[in-house]
Amino acid sequence: MSIRPFASRPPLRALLAAALFGALSSAAGVPVAQAARPPATKPAAAATAKTPAADVKWQKDEEGREYRLEKMEKNLAVRLDPKTVRSKWGIPIQVGKEDAKYYYYKVYKEPAAAD
């Protein structure tokens, strides 16, 4: 009579089947215990998102569109041509002006919705 090594461990196939069943049952919408859910966020947290202040000075471009200038550090972009930079995320940005530390770019005001 031979003794299998690790005979007290469950077979690998049974472990894989249990893991697969657990993954499928959680994806199928089996409800999660209420205690496991994180607490709801406070409504004030949504209000702290970065929004332009009411005292922002809106300017008009040659086409009559309103915009404000935002700044981006120069180490976050690469110059493409005299008026354009590409951000580190790959987005081309039209530069309105620049100084030694920042590029300033236009952020246009959203037009009013037609009723």
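Small disclaimer: the values here were computed from a predicted structure and weren't measured.

Caption draft 1: A look at the environment of K106. On the secondary structure map, K106 appears in strand β6 (residues 102-108). With 12 residues separating them along the chain, K106 and Q94 place their C-alpha atoms 7.3 Å apart. Excluding its chain neighbours within four sequence positions, the residues that come into contact with K106 are D61, Y67, R68, L69 and Q94.

Caption draft 2: Quick peek at the pattern of salt bridges. Applying the stated criterion across every chain, the model contains 6 salt bridges. Between E70 and R68 there is a salt bridge whose closest N-O contact spans 3.0 Å. For the pair E70 and R68, one class covers both residues: buried. Taking the shortest distance from any N to any O, the salt bridge between R79 and E98 comes out at 2.3 Å. Here E98 lies in strand β5 (residues 92-98) and R79 lies in strand β3 (residues 77-81), a separation of 19 residues in the sequence. A relative accessible area of 32% places R79 in the partly exposed class. It is possible to trace a salt-bridge network through shared partners that takes in D61, E63 and R65.

Conventions adopted
Residues numbered from 1 in each chain as written. Predicted model: local features only at pLDDT ≥ 70, side-chain atom pairs only at ≥ 80, totals over all residues. Heavy atoms only, no water. Helix = DSSP H or I, 4+ residues; strand = E, 2+ residues; numbered from the N terminus. Contact = heavy atoms within 4.5 Å. Salt bridge = Lys/Arg side-chain N within 4 Å of Asp/Glu carboxyl O. Buried < 20%, exposed > 50% of the residue type's maximum accessible area, 1.4 Å probe, protein only.

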